[in-house]
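Listed below are the residues making up each chain.
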Amino acid sequence: MATTAKPTELDPRDFLAIDALLDDEEKAIRDTVRRFVRERVVPNVGEWFERGEVPRELTQELAGLGLFGMHLEGYGLPGASSVAYGLTCMELEAGDSGVRSLVSVQGSLAMFAIWRWGSEEQKQRWLPAMHEGEAIGCFGLTEPDAGSDPGSMRTTARRDGADWILNGTKMWITNGSIADLAVVWARTEDGKINGFIVEKGMPGFSAPEMKHKLSLRASVTSELVLKDVRVPEENRFPEISSLRGPLSCLNEARYGIVWGAEGAARACFESALEYAKERIVFGKPIAGYQLTQQKLAEMALEINRGTLVALHLGRKKDDGTLLPEQVSMGKMGNVRGAIEVCRTARTILGGNGITLEYPVIRHMNNLESVLTYEGTHEVHTLVVGEALTGENAFR
Amino acid sequence: MKIAVCVKQVPEGTSLKLDPGTKRLDRSGEGALNHFDANAVEEALRLKESAGDAEVVVVSVGPAGAADALRKALAMGADRALLVSDDAVAGSDLVATSRVLAAALEREGADLVLFGQQASDSDGAVLWAAVADRLRRPLVSQAAELSVADGSLRAKRQTEFGYDVIQAALPAIVAVSDAINEPRYPSLKGIMGAKKKPQETLTLGDLGVDVGQVGEAGSKTEVYEFSLPPSRGDSRKIEDDGKAAEQIVEFLAEKRLV
């Protein structure tokens, strides 16, 4: 609708009026997830974080909204746009990075791996069930001694008649202990990397939960232990036998993080802004002091800039022009910026900023994980560096 | 069975603005589905799910933008939407609005018409009564439970002292209480599918309603003036550090209120 443009009222929560760049459907999806997070996550997540648990019914509620694998098409999946998926990640992470991680791993890692590299039978069997939340997936690439260098993985798959025998250990696996299936990447005898669907209950397979985390506590993190696990050939991905397989999945998940980080940052900013207007020091609200205003202005700048980057990458993803290096730049900049915003928010809240009464230190601690998972900040820096110079500085 | 649900688009947010020129509510900003109506939509969807074979049509009278509120109801699962939008309707009071709505409902001929208990902007809570009177249909308000079987409905009506259990023959009108259910979140597929569902917009002419019977001309009430409520003056905020209750009692005692 063409009308004479007139300046709209400034919204402190959307300073640059980025909302105007979204269409009605994107806004409707965003608003629904935002409401869900406000009603179902925010009131409870402090307690989940403290207890180090995620209630099982949350998985069903997220499935009820249709968020698992929402941006994939076919097999009864919604086929939403990348921007709608990104907005969803942002709203979920405004609740907690752990909740966003649950959805990211299910949709972008486990479902995407099957959707992109799986056989027709694997897709038919797993994708609809995973969308409905009847089956939860996890993604096993990282190992105790292979993180940024996944090619050095020690997990092996040995051919035995019609089956494969898997041995090895995977670590830092989100959703591991609650998963019905694990996408496991292993080296075969020819030295190639193959992907397998390892099902819960297969003899020799276990997924003990990793405890004592001080970050992402409202998220299940596990080890995957494989001791002579017999996996049939029909559970191997037929379409891929190189690292390109797992890396393509990580690129999907990173895209969601580019958005998600801005959600966590926004939650901290809003908490700090509200607090600054109410907290009285020397007879006036701290919002009236220059040092606080500088903090708030820098935070708002970072969030608006990061959200514009996320939206730009989303539009590129939707028209098929997004490059992995561009996702690296987005993840690198947005997560670093978001951590800075959360830390600054912490200083505005003073002592209150370290409690679970406010979202700030929870987000801040969570982002410490986000900074290094799905490609560390350093690795993404080197990806961008290589793209700029043509020189590989990884090794 | 055909179930019609009457819904209203209300201004989003909690602070309502009045336009001093027209003395009407400023509806220029973002709108939302009246949250009381979400209970009525939810109840209609539940009745449809238990009946198996039913159609849920959402009906609204309002500006063109009210289509957004209807789309939210479609995203929740309603089958189609009907919007009566006509510039002449602007400024209608409850009496005039009920005339338009009754005409739209007459055209639909639904077995059951559901309303939310009130609109969160005007808080009238009588439109359903006016519509029921015009259509000469039985009416149950404040329904906290509702079921339909064999051509009649059974409702538990919330009262000050307990519940009335009321049975009424269909076609009938029910205004549900906000305690009747918890509205579902629209699913992603619901949101994405909403714009493909049938959505019809009608004018007064389509319904055969005379322009002189609506708007200010058709209204029985007239707004002479309005003003903001007086400010609360000297107020004090107490942060609860475990002693808030004591402080409040002290304050009330000081004012000789307890």
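All values reported here derive from a predicted model rather than from experimental measurement.

## Focus on the domain arrangement of chain A
Residue and element names in this part refer to chain A.
Phase 1: Looking at chain A, the domain boundaries give domain 1 (13–131), domain 2 (137–241) and domain 3 (245–389).
Phase 2: Measuring from the centre of the C-alpha atoms in domain 1 to the corresponding centre in domain 3 gives 19 Å.
Phase 3: On the side of domain 3, 34 residues touch domain 1, which itself brings 36 residues to the contact.
Phase 4: At the boundary of domain 1 with domain 3, total buried surface from both sides reaches about 3000 Å², with 62% on carbon and sulfur atoms.
Phase 5: Seen at the junction of domain 1 and domain 3, the total is 4 salt bridges.
Phase 6: Between Glu270 and Arg13 there is a salt bridge; the shortest N-O distance is 3.2 Å.
Phase 7: Inspection of the region where domain 1 meets domain 3 yields 17 residue pairs in polar contact (both at pLDDT 80 or more).
Phase 8: Contributions of two or more residues to the side of domain 1 that touches domain 3 are made by α1 (24–51), α3 (82–95) and α4 (97–117).

## A closer look at the packing of aromatic side chains
Residue and element names in this part refer to chain A.
Phase 1: Enumeration over the complete set of coordinates arrives at 6 aromatic pairs over all chains.
Phase 2: When the centroid spacing of 5.9 Å and the interplanar angle of 35 degrees are considered together, the rings of Phe112 and Trp115 count as tilted. Residue Phe112 and its partner Trp115 are both found in helix α4; the two are separated by 3 residues, about one turn of the helix.
Phase 3: Look at Trp115 and you get partly exposed, because its relative accessible area is 27%.
Phase 4: An aromatic cluster of three or more residues is present, and its members are Phe139, Trp185 and Phe237.
Phase 5: Looking at Arg116, its charged tip hangs above the ring of Trp117, at a distance of 3.9 Å from the centre.

## Section: the sheet that holds strand β10 (residues 152–158) of chain B
Residues and elements named next belong to chain B.
Phase 1: The strand order β11-β10-β9-β12-β8-β1-β6-β7-β13 describes an open sheet built from 9 strands, whose pairing is mixed. Lying at the two open borders of the sheet, with one neighbouring strand each, are β11 (163–169) and β13 (199–202). When strand polarity is set aside, the average angle formed by the axes of neighbouring strands in this sheet is 30 degrees.
Phase 2: Examined bridge by bridge, strand β8 (residues 112–115) and strand β12 (residues 172–176) share 4 bridges and lie parallel to one another. Looking at β12, one finds that Leu114 is bridged to Val174.
Phase 3: In this fold helix α1 (residues 35–51) packs onto β1 (2–6), β6 (55–61), β8, β9 (139–149) and β12, with an angle of close to 170 degrees to the strand it touches most, β1.
Phase 4: Lying over the sheet, helix α4 (residues 127–135) contacts β8, β9 and β12, oriented at roughly 175 degrees with respect to β12.

Procedures and definitions
- Residues numbered from 1 in each chain as written.
- Chains lettered and ligands numbered in written order.
- Predicted model: local features only at pLDDT ≥ 70, side-chain atom pairs only at ≥ 80, totals over all residues.
- Heavy atoms only, no water.
- Domains from an automatic or database assignment.
- Contact = heavy atoms within 4.5 Å.
- Buried area = accessible area lost by both parts, 1.4 Å probe.
- Salt bridge = Lys/Arg side-chain N within 4 Å of Asp/Glu carboxyl O.
- Polar contact = N/O pair within 3.5 Å; in protein donor to acceptor, adjacent residues only side chain to side chain.
- Helix = DSSP H or I, 4+ residues; strand = E, 2+ residues; numbered from the N terminus.
- Phe/Tyr/Trp six-rings, centres within 6.5 Å; stacked < 30°, edge-to-face > 60°.
- Buried < 20%, exposed > 50% of the residue type's maximum accessible area, 1.4 Å probe, protein only.
- Lys NZ or Arg CZ within 6 Å of the ring centre and 35° of its normal.
- Pairing = 2+ DSSP bridges.
- Axes fitted to C-alpha atoms, helices over the stretch in contact; angles between N-to-C directions.

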